[in-house]
Amino acid sequence: MELVPTKFFTVSGSAVSKTSDLNAFDIALIEAGIGEQNLVSVSSVIPEGAVRIPYRPLTMGAVTHCVLAQMRGCEGETIAAGIAYAFRKDGRGGYVAEGHIHGSADSLREILSWKMEEMARIRDVEFGEIKFEAQELEIPLDHYGCCVSALIFAEYR
């Protein structure tokens, strides 16, 4: 059986917790709207013909394929997590890059741009407009924090 995604959407969220970075991660997933799914990380290929759709809730407990970026941190840190994606100009699908840093979302977008440029170069293809989904968080004292961004594959053929 071959699962080929036909639709996707992007999400992001951030959260803090006094308890742990795991709890901050859980809350960030809930904020992003994907905290009730069983997430399966996949790599970076958007199939030919796949289209972006608006966010839509998914069934609780559904096995959900995604390209996931996450960054966890501690008090006083600024963290960011994000994804970038673009379609090939020849119409043959697209690619996703994920990243995370101790730093700003603006700095992360620059790094993600470099990653996308490298992906195009090594494949000898041109991309259309690069789109971003990124989240930044300044973690307050006595807290843990987490940022997440993801491209969620929502339907298959």
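You'll find the structure just up there.
Residues numbered from 1 in each chain as written. Predicted model: local features only at pLDDT ≥ 70, side-chain atom pairs only at ≥ 80, totals over all residues. Heavy atoms only, no water.

Peer 1: What's the story with the packing of aromatic side chains in this structure? I'm lost.
Peer 2: What characterises a pair of aromatic rings is the spacing of the ring centres plus the angle enclosed by the ring planes. One pass over the structure, following the stated rule, counts five aromatic pairs. Feature note: the residues Phe8, Tyr85 and Phe87 constitute an aromatic cluster, connected by ring pairs. Between the NZ or CZ atom of Arg72 and the centre of the ring of Phe25, over which it lies, the distance is 4.7 Å. Note that Arg123 overlies the ring of Tyr95, its terminal NZ or CZ placed 4.3 Å from the centroid. (Phe/Tyr/Trp six-rings, centres within 6.5 Å; stacked < 30°, edge-to-face > 60°. Lys NZ or Arg CZ within 6 Å of the ring centre and 35° of its normal.)

Peer 1: Could you clarify how one ought to interpret the nonpolar core in this entry?
Peer 2: Soluble globular proteins tend to bury their nonpolar side chains together. Core analysis: the largest hydrophobic core is formed by 17 residues, its most contacted members being Val11, Ile34, Val148 and Ile152. Elements supplying a minimum of two residues to this core: strand 1 (5-17), helix 1 (21-32), strand 5 (63-74) and strand 9 (144-156). Every residue in contact with Ile34, bar those within four places of it in the chain, is listed here: Val11, Leu29, Leu39, Ala150 and Ile152. (Core = buried A, V, L, I, M, F, W, Y, C linked by side-chain atoms within 4.5 Å. Buried < 20%, exposed > 50% of the residue type's maximum accessible area, 1.4 Å probe, protein only. Helix = DSSP H or I, 4+ residues; strand = E, 2+ residues; numbered from the N terminus. Contact = heavy atoms within 4.5 Å.)

Peer 1: Quick question: what am I supposed to make of the pairing of strand 1 here?
Peer 2: On a regular strand, one side chain projects to one face of the sheet and the next to the other, so that they alternate. A large share of strand 1 lies buried, amounting to 10 of its 13 residues. Pairing of strand 1 with strand 9 involves 12 bridges; the strand directions are antiparallel. Bridge pairing in strand 9 places Val16 opposite Gly145. Where strand 1 meets strand 4 (residues 51-52), two bridges bridge the pair, whose relative direction is parallel. Its bridge partner being in strand 4, Lys7 is matched across the sheet by Val51. (Pairing = 2+ DSSP bridges.)

None of this, on its own, says anything about what the molecule does.
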